[in-house]
Amino acid sequence: MPDVITVKVETEPQRYKDVVVEVERSTRKKPYLGGYRHKQTGVEFHHASAQTGPKARAISNVERYCRDTQTYQMKHIRQQTSEDTYTQMTKIGVYVSNMADKLMIPRKYTTAEEYHKMILEKVIVLQKYWRRWLAMKNVTKLKVDRQKRLDWEKQEEIKKREEKEMRIKKEFERRMNPKTKEDFDLLYSALEKWRLEELEKIDKTLSGAERKAALCQLLDQETQLIGSIGRHKKDADTDNREKIIQSFLNKAAAPKKWRGPDGNFTHMDTPYTIRAQELRDIYNSICFKYLTQDERLDVLLTLKHTVKEHDCKLTQEIIELIDREADLLMRGVRDSNLEGLRKRIATLFLPSVEFQLSTNSRTVGRCRKCRNLDNDARTRQDYSHYRLMLRDLRRLEESYGDDSKVAFLLQVSRPKEESSAHERLETLAEVYLYDSI
């Protein structure tokens, strides 16, 4: 746009006048107050706004910015200002009634020092009552905490006494009706303690031929007790045999698992675990009752194809028994007459299953059964009290809620050497005693 433009202005009807207008360039950006845009041409039309700039501020000679005004120190001074008032009294031409007047007697004048002293004394009284209330509140809280502590100690004492009675009762029940390996370890440990006590008594009181006779009698008594424990163990093994077999098969057929970085477990089936699952299903099918004739024949056929994979004397005997049962089933023999034959097939099939499941072992040494037998015969160590200590330690650590994992990594195991066993158990006992303190 040029700096000067000519505008034609109509002054009178049909009469125009040319006016020269100078265009003043604005130094500020015109604010956008809205507008419209032509849809076809795209031209924008803005709303009108003030064309003149803001009014310039008048220049003043007064200094507006000074260090003294910014760093001035304020002071607070008490000051009593005067106040004008008026009064009215009786005089000539004016009568003021005094019926409602009161006679004011001046009291003792209180100075500012006395007034502030009184305020301080009242503040001290308020503080005394406030502190007394706080002290009573704290004492009440301490009384409640003390009562809670006494109740907790009483409950803990009752709980410990009940746990001890329950433990003694359970131990007595375990001694009278042993069922698990831990129960028989307890019996053998008690037998060993009794034998050592009797042996010590004989060594202290007897000598010579009397000592030998007492030792022979002690040996006979020990033999009788071992035989009695053995009979109980045989009965318990008979009752727990099927449970032990199922536990063994389920453990062998379980997939391999490990914990990942995110804390979740990953399960993986290997060819060995898949084979173990197949053998477990076959064994369960053999032992399952209430099958129809066709279903039983299908189970026997599957078993026959499975044992044919290994040609040995054991598998040949199993195949012969399978053919015998199939022939008897076809002849219509009742199931009650086939129980002995079926039990014999399951009994013979189980060793082949254990053989196939244990072929992936890579270590050579004494098995767990051999170590248990050695413990029953010689050392007769009972680890049940250490298991109890470890269980109490884990429960105590869990109650703290501090995510401690050391107690859960410890375990009571039966090591191969007796010396290492004592070392591990002593370490566990030290950990438990330190935690209790």
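Residues numbered from 1 in each chain as written. Predicted model: local features only at pLDDT ≥ 70, side-chain atom pairs only at ≥ 80, totals over all residues. Heavy atoms only, no water.

1. Thoughts on the overall build of the protein chain
Right, so step 1: Helix and strand counts for the protein chain stand at twelve helices and six strands.
Right, so step 2: For the protein chain, the proportion of its 437 residues judged to be buried stands at 18%.
Right, so step 3: As presented, the protein chain carries roughly 37,900 Å² of accessible surface, and 54% of it is formed by carbon and sulfur atoms. (Helix = DSSP H or I, 4+ residues; strand = E, 2+ residues; numbered from the N terminus. Buried < 20%, exposed > 50% of the residue type's maximum accessible area, 1.4 Å probe, protein only. Areas by Shrake-Rupley, 256 points an atom, 1.4 Å probe, with all protein chains shown as cover.)

2. Regarding the nonpolar core
Right, so step 1: Among the nonpolar cores identified, the biggest contains 22 residues, and Tyr283, Ile286, Leu303, Val307, Ile345 and Phe349 are the most heavily contacted of them.
Right, so step 2: Elements with a minimum of two residues in this core: helix H4 (209-253), helix H5 (271-287), helix H6 (293-307), helix H7 (313-330) and helix H8 (339-357).
Right, so step 3: Apart from residues no more than four positions distant in its own chain, Ile345 is found in contact with Ile286, Leu303, Leu321, Ile322 and Glu325. (Core = buried A, V, L, I, M, F, W, Y, C linked by side-chain atoms within 4.5 Å. Contact = heavy atoms within 4.5 Å.)

3. Focus on helix H3 (residues 181-205)
One turn of the α-helix equals 3.6 residues, which is why residues spaced by three or four share an orientation.
Right, so step 1: The end-to-end C-alpha separation of H3 is 36 Å, in line with the 36 Å expected for 25 residues at 1.5 Å each.
Right, so step 2: Taken residue by residue, H3 has Asp183, Phe184, Asp185, Leu186, Leu187, Tyr188, Ser189, Leu191, Glu192 and Ile202 as its buried positions.
Right, so step 3: Structurally, H3 contributes buried residues whose contacts are with helix H2 (112-176), H4, helix H9 (368-379) and helix H10 (384-400). (Expected span 1.5 Å × (residues − 1).)

4. Description of the confidence of the model for the protein chain
Right, so step 1: Across the protein chain, the average pLDDT comes to 81, with 88% of residues at 70 or higher.
Right, so step 2: The spread of mean pLDDT over the elements of the protein chain runs between helix H12 (residues 418-436), the lowest at 43, and H2, the highest at 93.
Right, so step 3: When the criterion is pLDDT under 50, residues 355-360 qualifies, and its contacts beyond four places in sequence or with other chains add up to nine contacts.
Right, so step 4: Scored below 50 in pLDDT, residues 416-437 shows 27 contacts in the model against residues more than four places distant or in partner chains. (pLDDT = per-residue confidence, 0-100.)

5. Regarding a positive patch on the surface
Right, so step 1: Side chains of Lys164, Arg167, Lys170 and Arg391 sit close together on the surface and give a patch of like positive charge.
Right, so step 2: No other element matches the three residues that H2 contributes to the positive patch.
Right, so step 3: Secondary-structure assignment places Arg167 in helix H2.
Right, so step 4: We classify Arg167 as partly exposed; its relative accessible area is 37%. (Patch = residues over 30% accessible without salt bridge, like charges linked within 9 Å, V, L, I, M, F, W, Y side chains within 5 Å. Salt bridge = Lys/Arg side-chain N within 4 Å of Asp/Glu carboxyl O. Lys, Arg positive; Asp, Glu negative; His and termini not counted. Charge placed at Lys NZ, Arg CZ, Asp CG, Glu CD.)

6. Some remarks on the pattern of salt bridges
Right, so step 1: For the structure on display, the rule yields 23 salt bridges.
Right, so step 2: Here Arg275 and Glu278 are joined by a salt bridge, their closest N and O atoms 3.4 Å apart. Of this pair, Arg275 and Glu278 both sit in helix H5, separated by three residues, roughly a single helical turn.
Right, so step 3: Arg275 gets classed as partly exposed once you look at its relative accessible area, which sits at 23%.
Right, so step 4: Via salt bridges that share partners, Arg296, Glu325, Asp335 and Arg342 belong to a single interconnected network.

7. A look at the packing of aromatic side chains
Any pair of aromatic rings gets described here by the distance separating the centres and the angle formed by the planes.
Right, so step 1: Applying the stated criterion across every chain yields a total of one aromatic pair.
Right, so step 2: Between Trp130 and Trp133 the ring centres are 5.3 Å apart and the planes differ by 25 degrees, which places this aromatic pair in the stacked class. Taken together, the residues Trp130 and Trp133, both in helix H2 and three residues apart, mark about one turn of the helix.
Right, so step 3: Its relative accessible area of 45% is what places Trp133 among the partly exposed residues.
Right, so step 4: Taking NZ or CZ as reference, Lys257 lies 5.3 Å from the ring centre of Phe265, over its face. (Phe/Tyr/Trp six-rings, centres within 6.5 Å; stacked < 30°, edge-to-face > 60°. Lys NZ or Arg CZ within 6 Å of the ring centre and 35° of its normal.)

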